[in-house]
Amino acid sequence: MTAFLIVLALVALVVIVTLVKSVRVVQQQTVGIVERFGKFKTGLQPGLNLLTPFVDKVRYTIDMREQVVAFPPQGVITEDNLMVSIDSVIYFQVNDPVRATYEISNYIQAIEQLTMTTLRNIIGGMDLEQTLTSREEINEKLRYVLDEATGKWGIRVNRVELRSIDPPPSIQDSMEKQMRADRDKRAAILTAEGMRQSAVLSAEGQKQSAILTAEGDKQSRILRAEAERQARILKAQGEAQAITTVFNAIHAGKPDQGLLAYQYLQMLPSIAQGDANKLWIVPSEIGDALKGLGSAVGQVAGIAQKAEGNWEAPQLDNGQVPEIDSAAPAAVAEADNAVREAIAAAESAAVSSRSQAAPSTPSVPPPASSQEPPAQEPPQR
């Protein structure tokens, strides 16, 4: 009984091991390479697969997804004998897992070495300046060479990128100095160009400003001359109108001999005014004026006895013309009193001037109202 149980257990164990060896699960985007007695038998697709136990064996599991491999920096010599350090990134994908398994032992290492040798060939035909400025060209050439070389391995190179190209430190310093000098040069050129443009624009603006100023001055002078001409014309017209108005007003008022003599005598006191007057000359016409005031003698030569003519009185603001009543007794009495006051003022002024004048200066005696004084010439100093 015990032996039977042991045999049964051994059979169950063999069955379990056989099932484990015959059943294999493959992940998505993964292919298993199956060998039978060391020879390629088939490739396992993703999912549940059955194998012949103890005969078939899964040798490799190949990842079919696109892979990215970054290679460490490698020294490369340019055409002008300068060492530059270049590191690259390769994007590739396995198309044929059987060939990738049996055509090459380690395709990643092979791609790395192929990349380095291809870079040396490409960079060796370029100088440093071309190497730094031709990244796209280098990437395209490198991808083409790698894709052609790895095609027989069942691998397709999708993309190649150069991450950095580092020249030696001394060359970097020289390049920085050169770049700085070039930028300083361009900055100086741009500054000079800006200053030139600014000077041109400033000169153009000053030119336009001077032209506009001259035009404005010209127009201003023309307008001022025109305004001054108009002002002179209006002033002359106003003076002419004022003279005409005064002249018409005087003649319209019909002044007589007494009024003119009164106005003449009113000016005599102003002759003696002033502290600096040392000599007062009495006009010879004062006798004629006084004679007219006495109204004892007839008409004085040179003065009309009565204004004649058709003269129009000036219009006032209210449209009324003032009337002069020469026959009013109150006006006549007031005029006589004013005449007497003027005669007394003239006599007092003459006496004061005579007392302050030199002894050789003749004086004119006050005329009588009933006698005509002889005409005298003005004394000479």
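Residues numbered from 1 in each chain as written. Predicted model: local features only at pLDDT ≥ 70, side-chain atom pairs only at ≥ 80, totals over all residues. Heavy atoms only, no water.

S.K.: What should I look at first to understand the overall build of the protein chain in this one?
M.R.: Summing up its helical and strand segments, the protein chain has 10 helices and 9 strands in all. Burial statistics for the protein chain: of 381 residues in total, 23% are counted as buried. Counting only contacts in the protein chain whose residues sit at least 6 apart along the sequence, the fraction spanning at least 24 positions is 64%. Summed over its atoms, the accessible surface of the protein chain is roughly 26,300 Å², and 56% of this surface lies on carbon and sulfur atoms. (Helix = DSSP H or I, 4+ residues; strand = E, 2+ residues; numbered from the N terminus. Buried < 20%, exposed > 50% of the residue type's maximum accessible area, 1.4 Å probe, protein only. Contact = heavy atoms within 4.5 Å. Areas by Shrake-Rupley, 256 points an atom, 1.4 Å probe, with all protein chains shown as cover.)

S.K.: Could you clarify how one ought to interpret the packing of aromatic side chains in this entry?
M.R.: One pair of aromatic rings is described through two measures. These are the centre distance and the angle between the planes. One pass over the full model with this rule turns up 2 aromatic pairs. With 6.0 Å between their ring centres and 70° between their planes, F40 and Y102 make a pair best called edge-to-face. Taken together, the positions of F40 in strand 3 (residues 39-44) and Y102 in helix 2 (residues 97-102) put the pair 62 residues apart, joining distant regions of the chain. By relative accessible area, which is 34% here, F40 ends up partly exposed. Judged by relative accessible area, which is 36%, Y102 ranks as partly exposed. (Phe/Tyr/Trp six-rings, centres within 6.5 Å; stacked < 30°, edge-to-face > 60°.)

S.K.: In this structure, what is going on with the pairing of strand 2 (residues 30-36)? I would like to understand it.
M.R.: Along any regular strand the residues' side chains alternate between the sheet's two faces. Most of strand 2 sits inside the fold, with 6 of its 7 residues counted as buried. Note: strand 2 against strand 5 (residues 56-63), 7 bridges, orientation antiparallel. Counted as the bridge partner of G32 is T61 from strand 5. Examined bridge by bridge, strand 2 and strand 3 share 5 bridges and lie antiparallel to one another. The residue of strand 3 that forms the bridge with E35 is F40. Hairpin connection between strand 2 and strand 3: a loop of 2 residues separates the two successive antiparallel strands, and F37 in this loop has a positive phi of roughly 55°. (Pairing = 2+ DSSP bridges.)

S.K.: What's the story with the nonpolar core in this structure? I'm lost.
M.R.: Nonpolar side chains in soluble globular proteins tend to end up buried together. Counting residues in each nonpolar core, the largest one holds 35 residues, and the members touching the most others are I86, I90 and F92. Looking at this core, the elements that each hand over two or more residues are strand 2, strand 8 (83-94), helix 3 (107-123), helix 5 (135-150) and strand 9 (155-166). Per-element accounting of this core gives the leading share, 8 residues, to helix 3. Residues in contact with I86, not counting those within four places in the same chain, are P72, P73, Q74, V76, L119, I123, L162, S164 and I165. Within the second largest apolar cluster, 5 residues are counted, among which are V34, L44, L51 and V58. (Core = buried A, V, L, I, M, F, W, Y, C linked by side-chain atoms within 4.5 Å.)

S.K.: For this particular structure, what's the right way to read helix 5?
M.R.: Note that an α-helix has 3.6 residues per turn; residues three or four places apart therefore point the same way. Here helix 5 is 16 residues long and its end C-alpha atoms lie 22 Å apart, about the 22 Å a rise of 1.5 Å per residue gives. Elements in contact with the buried residues of helix 5: strand 8, helix 3, helix 4 (128-133) and strand 9. (Expected span 1.5 Å × (residues − 1).)

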